[in-house]
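Fold and geometry: a report
As a plain string of letters, each chain reads:
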Amino acid sequence: MACTSSLLASTTPSVIAPADVTIGHVQLRDLIICPREAGIVNYIHKNSIIEHDLHAPDLAPRPIADLTFVPNTLSSINLSDSPHTLLAAGGQDTEIHLSLHSPSRTRALWQFSRKLSGSINNSVLLARAFNSSHEPRLVVSNNDWTVRLYDVPLRVRWAQDLRCCGTLTLEEPVNHSSISPDGRTLLSVGDSPRIYLHSLSGSARLTFNRVTTLRIPPAISIHSNSLVASFSTAWSADGLKFAVACQEGVIAIWDVRSTKPLKVLHTSRERGGGDSGWMSDDPWDWARRSSRAPGWGARSVKFGCGGVGGRAGHEVMTYTEHTNLLHVLDARTFETEEIIHVPNISCSKTPPAHTPAPSLRHSGGRLSARATYRDDGIVIIPPRGAPPRTTSWTSAPPSRMSDRTGGSDEGDTMDLDEVEVDCLSRGGSPPPMNSYRPSSPYRPISPSPLSSQTYRPASPPYRPMTPSFHPYRRTPRRTHGEEEVERAEDVDIAGTCFDPTGGFLYVATTAGVAEWAVRGSEKRWWGSGQWA
């Protein structure tokens, strides 16, 4: 049964398509993009980047780039002066892949792979330079405590090499970085509570000027030995807000004009019960599959661009938990939050990437890019601080082993060529479960007996304090449905993204991709100061 949502056209996805999405690293969950057109997504399948048209169920997903490694992270940028799209993927052994794609070609115009300096490439980002250069920049967040920026040459056909134009060294392994829409501010997080903001200046050689260092607010921790680490950052489309997601289950949003968080959210830790003892706080155990990571860790945060700068639609922010849950917030006020259980289609046989993958459609079929809900009226947003027009509803463990193992640039290669969704009850989500689940159910995290012997962070361990009271007001949350539904298996979430208009939202799991339409995507939203 579909449930009513004030932020999405429906809590039921408009399309659910089986897909085989590979998560290369248990903590890195940014593996799906929608670069150009609603319904056409790219994701990672083993050592390939796949293109999948969710709106064409008879069209087989196809590999558009074959790599020599399994990527941890995927990014894209549309070139401003051509119809081409540049893709980038990063791997665990300093690998980087770049490829240029045209919508009129089935193969990449060129592709280029090499190894960079450093260790694990935890995150890669393609961004536009803040100066007038038409060449994009590659931002690599690495486990060797650095953020490196590279110029990507596109003008010289045979000069497919990367020139490092700036290196920023921080105080711990860097897990994720993002750049503000104007290209002038770098936001970085890693294996500590610290959140770094630096301004960028210079041209051929960049200078990093520290703006401020913030801290992620403390988690409401149930385990004193958990370590704080953040793995996702995002900027709003207007550059006035940014958000950070921490694996301890904390999501914090700031206004750029203040060092105090605008909003702090916490995921629920009410994930079942029991005393099996098979959940650990040691990431090595997660990688070896001798235990699971907690399902409530916050992994991927994104802002949509709808409703910003005169665009049609509604500005929303999303974040995903390690398993099962997608959170959708009104990004204007952050006073409405809706929690959606991501569909589990693992019982469906997922076809290989080279065979047709039928989409699972719900009543009425999918929503087209021209939203089904048409309304030519103008929606007026009340001024900041005014009561909303609709009612708001109530409704992790340490990071990877850190190392500073240096590396050298090597290994250059180049190739040139012309289900219905169930609604949650207020009782919370079901206990996590993976394919290697033992017979006993979940219990709260307990220390791993191997932790003291095998896990040695290079940076000082940060222990989140458990406050006697929480200083931040909790966002009212709306959960959908009155009955709790039993589910047989957890859904591992591989990433989330918006289409370029901000009108459609995509969530990838290891078994499929689901699409939701953002409510009001055919409306223009105006602040009261813009309306006369």
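Residues numbered from 1 in each chain as written. Predicted model: local features only at pLDDT ≥ 70, side-chain atom pairs only at ≥ 80, totals over all residues. Heavy atoms only, no water.

Moving on, we get to the nonpolar core. Generally speaking, nonpolar side chains in soluble globular proteins are found buried as a group. Ile32, Val41, Tyr43, Ile49, Leu54, Tyr506 and Val513 are the most contacted members of the largest nonpolar core, which totals 30 residues. Once you skip the residues sitting within four places of it in the chain, Ile32 turns out to touch Val41, Asn42, Tyr43, Gly495, Thr496, Cys497, Tyr506, Ala508 and Val513. Core analysis: the next-biggest nonpolar cluster, separate from the first, contains 19 residues, Ile77, Leu79, Leu109 and Leu126 among them. (Core = buried A, V, L, I, M, F, W, Y, C linked by side-chain atoms within 4.5 Å. Buried < 20%, exposed > 50% of the residue type's maximum accessible area, 1.4 Å probe, protein only. Contact = heavy atoms within 4.5 Å.)

So, on to the sheet that holds strand β14 (residues 174-179). Taken together, 4 strands build an open sheet; the order of strands is β14-β15-β16-β17 and the sheet is antiparallel. A strand with exactly one partner marks an edge of an open sheet, and here the two such strands are β14 and β17 (206-215). Between one strand axis and the next, the sheet turns by 25° as a mean value, whatever way the strands run. Both β14 and strand β15 (residues 185-190) contribute to a ladder of 5 bridges, which runs antiparallel. Each bridged residue has a counterpart across the sheet, and for Ser177 the counterpart in β15 is Ser188. (Pairing = 2+ DSSP bridges. Helix = DSSP H or I, 4+ residues; strand = E, 2+ residues; numbered from the N terminus. Axes fitted to C-alpha atoms, helices over the stretch in contact; angles between N-to-C directions.)

Considering the arrangement of structural elements, one finds Pro218 in the loop between β17 and β18 (230-235). A relative accessible area of 36% means that Pro218 is categorised as partly exposed. Residues Pro218 and Gly249 lie 31 residues apart in sequence; the distance between their C-alpha atoms is 9.8 Å.

Predicted confidence across the chain gives a mean pLDDT of 74, with 62% of residues reaching 70 or more. Segment residues 348-410: pLDDT under 50, and 177 contacts once partners within four positions in sequence are set aside and those in other chains are kept. In this model residues 480-488 is a low-confidence stretch, pLDDT under 50, and it forms 27 contacts with partners more than four residues away in sequence or in other chains. (pLDDT = per-residue confidence, 0-100.)

Spatial ordering of the open sheet is given by β1-β31-β30-β29, a layout of 4 strands whose pairing is antiparallel. Looking at strand neighbours, the two that pair on one side only are β1 (15-18) and β29 (493-498), the edges of this open sheet. Adjacent strand axes in the sheet meet at a mean angle of 15°, parallel and antiparallel pairs treated alike. Pairing analysis gives 5 bridges linking strand β30 (residues 504-509) to strand β31 (residues 512-517), with the strands arranged antiparallel. Across the sheet, Val507 pairs through a bridge with Ala514, a residue of β31.

Turning next to the environment of Arg137. Along the chain, Arg137 turns up in strand β11 (residues 136-142). Judged by its relative accessible area of 6%, Arg137 is buried. For the pair formed by Arg137 and Tyr150, sequence separation is 13 residues and the distance between their alpha carbons is 5.5 Å. A polar contact is formed between the side chain of Arg137 and the side chain of Asp151, at a distance of 3.0 Å. (Polar contact = N/O pair within 3.5 Å; in protein donor to acceptor, adjacent residues only side chain to side chain.)

For the rest of this paragraph, the subject is the packing of aromatic side chains. A complete count under the given rule lists 2 aromatic pairs for this structure. On the numbers, 5.3 Å between centres and 50° between planes, the contact of Trp235 with Phe242 is tilted. We classify Phe242 as buried; its relative accessible area is 3%. Seen from their ring centres, Phe242 and Trp254 are 5.5 Å apart, and the 15° between their planes marks the pair as stacked. Of this pair, Phe242 sits in strand β19 (residues 241-246) while Trp254 sits in strand β20 (residues 250-255), and the two are 12 residues apart along the sequence. Judged by its relative accessible area of 0%, Trp254 falls in the buried class. Taken together through their ring pairs, the aromatic side chains of Trp235, Phe242 and Trp254 make up a single cluster. Directly above the aromatic system of Trp296 lies the positively charged group of Arg269, at a separation of 3.8 Å from the ring centroid. The ring of Phe231 has Arg299 sitting right over it, with the charged end atom 5.4 Å from the ring centre. (Phe/Tyr/Trp six-rings, centres within 6.5 Å; stacked < 30°, edge-to-face > 60°. Lys NZ or Arg CZ within 6 Å of the ring centre and 35° of its normal.)

Below, the discussion takes up unusual backbone geometry. Of note in the backbone geometry, Lys46 takes a positive phi value of approximately 55° without being a glycine. Structurally, the position occupied by Lys46 is in the loop between β3 (40-45) and β4 (48-53). A residue is classified by how much of its surface remains accessible, and Lys46, at 52% relative accessible area, is exposed. At Thr94, a position not held by glycine, the phi torsion is positive, near 65°.

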